[in-house]
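# Understanding the architecture of this molecule
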Amino acid sequence: MKENKIGNPTEGRRIHGLAETAREEGRFLDALHYTDEALLAYQLAGDRLGQSEVLSSRSITFRRLHRETNDRSFLLLAKHTSMAAVDIARESDERSALAVPLFQLENVQEGRW
């Protein structure tokens, strides 16, 4: 794993973008790797909103894996990852931070995958 500059919020966004691209291309293992890397970059930058959003992205990847494999364990991972994203967003001072994580949690709970 590459070292990230401490406090560099754009590094988290850059890596997060790589995760989104990998997921949409069906490269799920790469997408999960990038979401982990972005999560750490956001943490180093003190970006709670970014952490919450990248966990929501990770939840989408787990839902896509469920759709590909029909393995229910991926739905459980999606649900609990979304719940963590909501909890982190709630700790942020930005009320708008809850929008994406709550939407993704609702998608999992309503069975929209």
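Everything discussed here concerns the structure shown above.
First things first, this report covers the structure right here in the doc. (Residues numbered from 1 in each chain as written. Predicted model: local features only at pLDDT ≥ 70, side-chain atom pairs only at ≥ 80, totals over all residues. Heavy atoms only, no water.)

Direction vectors running N to C along helix α3 (residues 48-69) and helix α4 (residues 73-91) enclose 170°, while the axes themselves pass 8 Å from each other. By the angle between their axes, α3 is roughly antiparallel relative to α4. Here Arg48, Gln51, Ser52, Leu55, Ser56, Arg58, Ser59, Phe62, Arg63, Leu65, His66 and Thr69 of α3 come into contact with α4, specifically with Phe74, Leu75, Leu77, Ala78, Thr81, Ser82, Ala84, Ala85, Ile88, Ala89 and Glu91. Taken together, the residues of the contact of α3 with α4 break down into 11 nonpolar, 8 polar and 4 charged. (Axes fitted to C-alpha atoms, helices over the stretch in contact; angles between N-to-C directions. Helix = DSSP H or I, 4+ residues; strand = E, 2+ residues; numbered from the N terminus. Parallel < 35°, antiparallel > 145°, perpendicular 65-115°, else oblique. Contact = heavy atoms within 4.5 Å. Nonpolar A, V, L, I, M, F, W, Y, C, P; charged D, E, K, R; others polar.)

Below, the discussion takes up unusual backbone geometry. Residues other than glycine seldom take positive phi values, yet Asn70 does so here, at roughly 60°. Tracing the backbone through its elements, the reader meets Asn70 in the loop between α3 and α4. Asn70 sits in the exposed class, given a relative accessible area of 63%. (Buried < 20%, exposed > 50% of the residue type's maximum accessible area, 1.4 Å probe, protein only.)

Along the chain, the position of Arg23 falls in helix α1 (residues 9-24). With relative accessibility at 5%, the residue Arg23 sits in the buried group. Separated by 2.7 Å, the side chains of Arg23 and Glu20 make a polar contact. Setting aside its immediate chain neighbours within four residues, Arg23 contacts Phe28, Ala31, Ser57, Ile60, Thr61 and Arg64. (Polar contact = N/O pair within 3.5 Å; in protein donor to acceptor, adjacent residues only side chain to side chain.)

Bringing the packing of aromatic side chains into the picture now. The tally for this structure, following the rule as stated, stands at 1 aromatic pair. Residues Phe62 and Phe74 carry aromatic rings whose centres are separated by 6.4 Å and whose planes lie at 20° to one another, so their mutual orientation is stacked. One end of the pair, Phe62, is in helix α3; the other, Phe74, is in helix α4, with 12 residues separating them in the sequence. (Phe/Tyr/Trp six-rings, centres within 6.5 Å; stacked < 30°, edge-to-face > 60°.)

The next subject is the environment of Arg95. Tracing the sequence through the fold places Arg95 in the loop between α4 and α5 (99-109). A residue is classified by how much of its surface remains accessible, and Arg95, at 67% relative accessible area, is exposed. For the pair Arg95 and Ser73, spaced 22 residues apart in sequence, the C-alpha to C-alpha distance is 31 Å.

By size, the foremost hydrophobic cluster in this structure holds 7 residues: Phe28, Leu32, Phe62, Leu65, Phe74, Ala78 and Val108. Elements that contribute at least two residues to this core include exactly α2 (28-45), α3 and α4. Judged by nonpolar contacts, the second largest core, of 6 residues, contains Leu49, Val86, Ala97 and Leu105. (Core = buried A, V, L, I, M, F, W, Y, C linked by side-chain atoms within 4.5 Å.)

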